[in-house]
Amino acid sequence: MVNENLVKDVVKEPYKYGFVTDIETEKIAKGLNEDIVRLISQKKEEPKFLLDFRLKAFKKWQKMKEPDWAALGYKKIDYQDIIYYSAPKQKEKISSLDEVDPKLLETFDKLGIPLTEQKKLTNVAVDAVFDSVSIATTFREELAEHGVIFCSISEAVKNHSDLIEKYLGTVVPASDNYFAALNSAVFSDGSFVYIPKGVTCPMDLSSYFRINSGDSGQFERTLIIAEESSSVSYLEGCTAPMFDTNTLHAAVVELIALDDASIKYSTVQNWYAGDEEGIGGIFNFVTKRGKCLGKRSKISWSQVETGSAITWKYPSCLLLGEESVGEFYSVALTNNLQQADTGTKMIHIGPKTKSTIVSKGISAGKSINSYRGLVKMGTKATGSRNYSQCDSMLIGDQASANTFPYIKSQQPNSEIEHEASTCRISEDQLFYLQSRGIEFEEAVSMMVSGFCRDVFNQLPMEFAAEADKLLALKLEGSVG
Amino acid sequence: MKESDPILEVENLSASTDNLPILKGVSLTVYPGEIHAIMGRNGCGKSTLSKIIAGHPSYNITNGDIKFLGENINSLEPEDRAQSGIFLGFQYPIEIPGVSNLEFLRVSTNARRKFLNKEELDTFDFEELVKEKLEIVKMDHAFLSRSVNQGFSGGEKKRNEILQMALLEPKIAILDETDSGLDIDALRIVASGIKKISNAQTGIILITHYQRLLDEIKPNYVHVMSDGQIIKTGDSNLALKLEEKGYEWTDNFIKET
């Protein structure tokens, strides 16, 4: 086959973000029981309602079974072998960035997310989360002038507990699924966003999640509330060091959009994926859901999933408000022995609701890439429409792709449209590009970007460029 | 390297795919300014020869050499051959969904320019260059914004090939049945395009079944291939004779040899 040696060389291309920060951390003992849940809540000095929320979730989780319906195979997770709270040791109260451990700042610098006043990104506010805690959030004062709240969720629990109590768990109830219940019991930190009525958030907001320690899980929780006629664009990035063990990441993201509000949530997920033998890598079990509560509200998910050994993720929209809109644009790339089971759910409840799904799955190496999606039209969803397009691209002859679209309609006066395709990068296509002087690697990435164009067009500009580069990097040498 | 040195030397070349011998000792030398035509029945190895010269990975050279500008290129990657000035016009140009024709042409042109130590062109400068070249093949600007060859008619695909040749300015162009599937007008456009692009420093190999292309572009040499070998070489009259008598006539040559 084509360039066998080249292939072997570049698959070994190191994961750029695989370093570990040597920092003193505070960890609690391994294992999970009611006392651990209480301990986490106590460490975070939480109000009673939140401790109750956690305990209730924990009780539910204990009665639940890990789901096995996804097209994923992985060794059983030992939940008693995980540390549920790990935080870098810092001064008790940090009043400014100057007091943050320089090692942490350096870490984020290395990841391309400078946090200090002099170097911080100018067009985007960043909340940086390191293992279980939020390290810093930039541009807070500037955002506050517009009434926008952007802080860690722990801080929101302290300063805006009314909002937390009102909305937490209203989109993804603790009993929603096994991993959501686990997260609800032990979540450590994450981001909180509140956009007041009529405000268009003056800059993009971004959270950057960094897993550093090898034996602790990461359970972050994000809550975004967009009041009437407000709008926000939120970006999420993630990386982790290379360990030969698997690390569990089980996050919950809840979005709420009121009348005429719009939330755009973009993710570039680049957790460590394990090596070419499938050793190590993140187990990524994530529940993301948005509720279009208000009339004409809109929630748009766009995701570029390139990392993790296992991805189990279905960012969804509950379309309650009349004429509300849900969107899902996804590129999922798997290589080597990665497995991804990802897609979306569009639940049309209100009348004249609209949803669009565009999913592009790329499988290379020996990976398995599945799209799983549900489109449901409820009894009141009269005049509602859905359009779905699911395309798969296979690279090499050992990868596989699946598509599992579920359609449930209880409303005859609604439209559902589904298109699907599968293609393979052929030797002839590669040869054609090469015979025009285009390098092998560039030829592959040109074809992959071409395949993903519809989705990249939906990403914020700087993200789209990053995604393009990331895909090229991940695919280097995967065609053999 | 003198100007009179050969551009391409194929020496006693044998090649196979999946252990099946396709070429069985082909020799061919092309000097600057020469036009060679290769004719022969389907399956005689004409297309294979062109693909092997361009470096297609599906074929193994089992014997012999390919030299380009005096250098052996047997194990050179296809992209390196292209950058150094070998151009293959495809019989069936490949469709590449999602990749814009303009971007493809620009990346490809820049790869060749980089090799020639010429400045690479940005989007604006490239637009200027491509506009000029579009004239040669009478193509509409709208072709540039479409995906590479996707949804192109047969004639459009072939003109797109000649457009690429015009942009890459190769030392040698091997045009594999560029005339097949073209109507009379398109054939004229393609033929006049090829003539405009070629000059006293370039070599051309035309693989064809039909005299009508050779009426437009008169070859210096005509080679007849059969069963992986060149069995007869002559001047342009050989093609006329073939047109008249058909390939059956050439079967006798095989018996003779």
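Sequence order as written defines residue numbering, which begins from 1 separately in each chain. All chains are assigned letters beginning at A, and all ligands numbers beginning at 1, according to the order in which they are written. In keeping with the model being predicted, local features are shown solely for residues with a pLDDT of at least 70 and side-chain atom pairs are shown and tallied solely at 80 or more, while totals for entire chains, interfaces and linings include all residues.

**Section: the overall build of chain B**
Scanning chain B from terminus to terminus reveals nine helices and 12 strands. Around each residue's C-beta, the other C-beta atoms within 10 Å are counted; 20 or more make the residue buried, 12 or fewer make it exposed, and counts in between make it partly exposed. All C-beta atoms are placed from the backbone. Out of the 257 residues in chain B, the part that is buried amounts to 44%. Relative to all contacts within chain B whose residues are 6 or more apart in sequence, the contacts with residues 24 or more apart total 70%. Under the scheme used here, helices are H or I runs from DSSP no shorter than 4 residues and strands are E runs no shorter than 2 residues, and both carry numbers assigned from the N terminus. Throughout, a residue-residue contact means that the two C-beta atoms, derived from backbone geometry, are no farther apart than 7 Å.

**Focus on the overall build of chain A**
Along chain A, the regular secondary structure elements total 11 helices and 23 strands. A principal-axis box enclosing the C-alpha atoms of chain A has dimensions of 65 × 60 × 45 Å. Residues counted as buried form 56% of the 480 residues belonging to chain A. For chain A, contacts bridging at least 24 residues in sequence account for 83% of all contacts bridging at least 6.

**Some thoughts on the packing of helix H4 (residues 123–137) of chain B against helix H5 (residues 154–168) of chain B**
Residue and element names in this part refer to chain B. Packing of H4 against H5 brings their axes to within 9 Å, and their N-to-C directions diverge by 130°. As far as their axial angle goes, H5 and H4 are oblique. Both H4 and H5 take part in a crossing whose hand is right-handed. Between H4, through Val130, Lys133, Leu134, Ile136 and Val137, and H5, the contact on the second element is made entirely by Arg159, Ile162, Leu163, Ala166 and Leu167. Here the axes come from fitting lines to C-alpha atoms, over the contacting stretch only for helices, and the angles between their N-to-C directions go from 0 to 180 degrees. Here roughly perpendicular refers to angles of 65 to 115 degrees, roughly parallel to angles under 35, roughly antiparallel to angles over 145, and oblique to all remaining angles. The sense of a crossing depends on the near helix, which, turned anticlockwise from the far helix by less than a right angle, makes the crossing left-handed and, turned clockwise, makes it right-handed.

**Let's talk about the sheet that holds strand S5 (residues 71–72) of chain B**
All names here are of chain B. Any two strands with at least two DSSP-identified bridges between them are counted as paired. Reading across the sheet, the four strands line up as S2-S1-S4-S5 and stay open at both edges, with antiparallel pairing between neighbours. The strands lining the two open edges of the sheet, one partner per strand, are strand S2 (20–30) and S5. Relative to S5, strand S4 (residues 60–68) runs antiparallel, the two sharing two bridges. Paired with Lys67 across the two strands is Asn72, which belongs to S5.

**So, the interface of chain A and chain B**
The partner chain B presents 20 residues to the 18 residues of chain A that form the contact. Contributing elements (two or more residues each) for the side of chain A that touches chain B: helix H9 (427–434) and helix H10 (440–456) of chain A. Think of it as three bins: nonpolar holds Ala, Val, Leu, Ile, Met, Phe, Trp, Tyr, Cys and Pro, charged holds Asp, Glu, Lys and Arg, and polar takes everything else, Gly as well. Residues of the side of chain A that touches chain B, tallied by class, amount to eight nonpolar, five polar and five charged.

**Observations regarding the confidence of the model for chain B**
As a per-residue quantity, pLDDT reports the predictor's confidence and falls between 0 and 100. Confidence in the prediction of chain B, expressed as mean pLDDT, is 92, and 97% of residues score 70 or more. Confidence metrics for the complex model read pTM 0.81 and ipTM 0.95.

**Considering the nonpolar core**
All names here are of chain A. Each nonpolar core reported here comprises buried Ala, Val, Leu, Ile, Met, Phe, Trp, Tyr and Cys residues connected via C-beta atoms within 7 Å. Residues Ala128, Val193, Ala226, Ala257 and Ile263 are the most contacted members of the largest nonpolar core, which totals 202 residues. Among the elements that take part in this core, H10 stands out by supplying 10 residues, more than any other. Here Ile263 is in contact with Ile224, Ala226, Val232, Tyr234, Leu255, Ala257, Gly290 and Ile299, once residues within four sequence places are set aside.

**A look at the sheet that holds strand S12 (residues 262–269) of chain A**
All names here are of chain A. Pairing is mixed in the open sheet, where 10 strands are placed in the order S4-S3-S7-S9-S12-S14-S17-S19-S21-S23. The open sheet has two edge strands with one neighbour each: strand S4 (133–137) and strand S23 (415–424). The sheet shows a mean angle of 10° between the axes of neighbouring strands, direction not considered. As judged from the 10 bridges shared by strand S17 (residues 325–334) and strand S19 (residues 354–363), these two strands associate in the parallel manner. When the bridges of S19 are listed, Val325 appears paired with Lys354. Each of strand S14 (298–305), S17, S19 and strand S21 (385–394) touches H10; the most contacted strand, S19, lies at about 165° to it.

**Let's talk about unusual backbone geometry**
The phi torsion at A:Ser308 lies on the positive side, around 70°, for a residue other than glycine. With respect to the secondary-structure elements, A:Ser308 resides in the loop between S14 and strand S15 (310–313). For B:Asn19, which is not a glycine, the phi torsion comes out positive at approximately 65°. Within the secondary structure layout, B:Asn19 lies in the loop between strand S1 (8–17) and S2.

**Topic: helix H4 (residues 102–110) of chain A**
Residue and element names in this part refer to chain A. Leu104, Leu105, Thr107 and Phe108 are the residues of H4 that are buried. Buried residues of H4 fall within an arc of 155° about the axis and therefore sit on the same side. Exposed residues lying more than 90 degrees from the buried face of H4 are Pro102 and Lys103. The first or second residue beyond H4 is Gly112, which carries a positive phi of 85°. By definition, the arc is the one covered by directions from the helix axis to the C-beta atoms.

**Let's talk about the pairing of strand S13 (residues 281–292) of chain A**
Residues and elements named next belong to chain A. Burial of S13 is extensive: 12 of the 12 residues sit out of reach of the surface. Pairing geometry for strand S10 (residues 246–249) and S13, over four bridges, is parallel. Considered in S13, the bridge of Asn246 is made with Gly281. In terms of strand pairing, strand S11 (residues 252–257) meets S13 through six bridges, oriented parallel. When the bridges of S13 are listed, Val252 appears paired with Thr287. Looking at chain direction, S13 and S15 are connected through four bridges and run parallel. Residue pairing for S15: Val286 is matched across the bridge by Lys313.

**A look at the environment of B:Lys158**
Residue and element names in this part refer to chain B. Turning to its location among the elements, Lys158 is positioned in helix H5. A count of 29 C-beta atoms within 10 Å places Lys158 in the buried class. Leave out the neighbours within four places in its chain, and Lys158 touches Thr178, Leu182 and Val190.

**Some remarks on the environment of A:Ser445**
All names here are of chain A. Of note, Ser445 is situated in helix H10. Look at Ser445 and you get partly exposed, because 19 C-beta atoms sit within 10 Å. Spatially, the C-alpha atom of Ser445 lies 30 Å from that of Thr245, the residues being 200 residues apart in sequence.

**Structural notes on the environment of A:Gly290**
All names here are of chain A. Residue position: Gly290 is located in strand S13. C-alpha of Gly290 to C-alpha of Val253: the two residues are 37 residues apart in sequence and 8.0 Å apart in space. Ignoring anything within four residues of it in the chain, the contact list for Gly290 reads Val171, Leu255, Ala257, Ile263, Ile299 and Cys317.

**Some points on the packing of H5(B) against helix H6 (residues 184–197) of chain B**
Residues and elements named next belong to chain B. The N-to-C vectors of H5 and H6 enclose an angle of 10°; their axes lie 10 Å apart at closest approach. Relative to H6, H5 is oriented roughly parallel. Touching Gly155, Lys158, Arg159, Ile162, Met165 and Ala166 of H5 are Ala186, Ile189, Val190, Gly193, Ile194 and Ile197, all from H6. Classifying every residue of the contact of H5 with H6 gives eight nonpolar, two polar and two charged.

**Description of the confidence of the model for chain A**
Looking at chain A as a whole, the pLDDT averages 86, with 91% of positions reaching at least 70. Scored below 50 in pLDDT, residues 1–13 of chain A shows 21 contacts in the model against residues more than four places distant or in partner chains.

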